[in-house]
Every structure is written in structure tokens, then in C-alpha cells.
Amino acid sequence: MRKIIPFIASGFRKDKIWMRRVEPDQRNYQVLLAVDDSLSMRDNTGEMALESIALITQALALLGIGELCVAKFGESSEIVHPLGGQWSDESGGSLAASFDFSEERANYDELLAASISCLPAVQKGGSAQLLFITSDAAQTSRKEDVTRLVIEAQLKSLVVVFALIDSQDAERRRSVLETFSLTPSGKLSHFLNEFPFPFYVLIKDPRKLPERLADALRQWFELANNQ
């Protein structure tokens, strides 16, 4: 997966990546990429997220490794590129135009519930499924509901990974590494200790989002192939 980014950046001329797949992969992969469409993502963070998602989606489609789905979420969730839909230049333009980063909040519990419902049930030895959420986690309310839905997703063989963008922009909120929250018992706890997503990638620089997404996807593919 690390070679996908330079491959596309080269205008698809560095084609040694194709030599790695001399036989079709027998495993069917289903990847749902979800991007936060709330106000807190309106700056360059949102733009970088869209560029990264478009790049990764195009690369995965070119490699022919399975079905891809892209969703946006705020108060509610919406599919902007359906599972199994053909990817094209028009798809990328339509995807970008569907985001305006104007939602007041991001409801992760609603996203999880919608994702579990839209992805088909996995039979034994069948598809490997991944939900990749890209967000700055500005709001993480209803943590108990989110935790319950993450567990429900795992029981249904849907792996949930959170790309947590922690920008150093002075105008944004303080880093999650310096943030504390109140527990239900009224005690202070570190933000990440109470974060309801057990699998997450912390990204300090939004410009590194494509590289980190590609690396996380590569690790997931390797894990899925070994199961």
C-alpha cells in the first residue's frame, strides 16, 4: 500500500506495483470510508481529508481489491459513493461537491448504526469488512452508545478504525494529548483513555493523512489475509 501514493502521483507510470499481483486475490474486501462533515472540519483539515479519501479510493479501485463505499456524516449519515459503484474522475468531483462541512455536530453512534445496517452480513470465510472513520473527534458524546455499537460491529466481523486528526493549528482546540474529560463518576480522565474507539490512528499533521491512511489499510489487508 505504501507504493500506491507515489504510483498515482507519477501519473500511473511507475507500474511495478502491478507485478505484485500476478493472481487475483480470492478474498473479497469491503471498505467503507466515512468522513466527518461537521463545522470543525471546515478548514484545511476537511480539504485534506477529501483529497486523501479520493486518492485512496481511486487507488483501491485501480487495484481491483474489492468493493468501496464512501459516506459523510454529521447529525446523520449519507452514502456519497455506494458499495460496489464504479469509480471515475466524475465520482471524485461528485464526492467533493457533496461535502460543505456545515453540520453542527458529528454523531458517531448514528454513523456506526448506519454502517452496520448498510454492509451485508459476513458469512464464515467470506468478505473482510472495514469501516474507516476520518474525523477530528471534536465531539464524542453518547460514549456508552458508541462503545456498544463498536462491540456490535466487531461481533459482526466489521473492523472499525478511527483516523483521529489532531491538528497543531493555534486556532483549533488544544491537542487531544493535553485534553481531559469528566468520567460518569465525576473524575478527570485523559481524553484518549475515555475514547470509545479502541483502534485509532493519531494524525498530528493533516498533510500526512494520505500516507497514514494507506499504511493503516495495508496493515488491515495483511491481517485479513492471515485470518
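Remember, predicted model here, so these are calculated numbers, not experimental data.

Examining the nonpolar core
- The biggest cluster of nonpolar side chains holds 33 residues, and the ones touching the most others in it are Phe132 and Leu217.
- The set of elements that each furnish at least two residues to this core consists of strand E1 (29-36), helix H2 (44-63), strand E2 (66-73), strand E4 (128-135), strand E5 (158-165), strand E8 (200-203) and helix H6 (209-226).
- When residues of this core are assigned to their parent elements, the largest contribution, eight residues, is made by H6.
- Grouped together as the second largest cluster of nonpolar side chains are 27 residues, Phe73, Tyr108, Leu149 and Val160 included.

Let's talk about the layout of surface pockets
- Taken as a whole, the second largest pocket encloses approximately 280 Å³ of empty space.
- Along its surface, the second largest pocket is lined by 13 residues, and Val161, Phe199, Ala216, Gln219 and Trp220 are the ones closest to its centre.
- Only E4, E5, E8 and H6 provide two or more residues apiece to the lining of the second largest pocket.
- Take the lining of the second largest pocket: its biggest share by element is six residues, from H6.
- Of the residues assigned to the lining of the second largest pocket, the class counts are ten nonpolar, one polar and two charged.

Quick look at the environment of Thr147
- Within the secondary structure, Thr147 sits in helix H5 (residues 143-155).
- Taking C-alpha positions, Thr147 is 8.6 Å from Asp109, a pair spaced 38 residues apart along the chain.

Considering empty space enclosed by the protein
- Taken as a whole, this structure holds two cavities of 30 Å³ or more when the rule is applied.
- Along its surface, the second largest cavity is lined by Arg105, Ala106, Asn107, Tyr108, Asp109, Gln139, Ser141 and Val146.
- Among the residues making up the lining of the second largest cavity, the classes are represented as three nonpolar, three polar and two charged.

Definitions and cut-offs
Residues numbered from 1 in each chain as written. Predicted model: local features only at pLDDT ≥ 70, side-chain atom pairs only at ≥ 80, totals over all residues. Heavy atoms only, no water. Core = buried A, V, L, I, M, F, W, Y, C linked by side-chain atoms within 4.5 Å. Buried < 20%, exposed > 50% of the residue type's maximum accessible area, 1.4 Å probe, protein only. Helix = DSSP H or I, 4+ residues; strand = E, 2+ residues; numbered from the N terminus. 1 Å grid on protein atoms, 1.4 Å probe; cavity = no way out; pocket = protein on both sides within 12 Å on 5 of 7 lines; lining within 4 Å. Points joined across faces, edges and corners; volume = space filled by probe spheres on them. Nonpolar A, V, L, I, M, F, W, Y, C, P; charged D, E, K, R; others polar.

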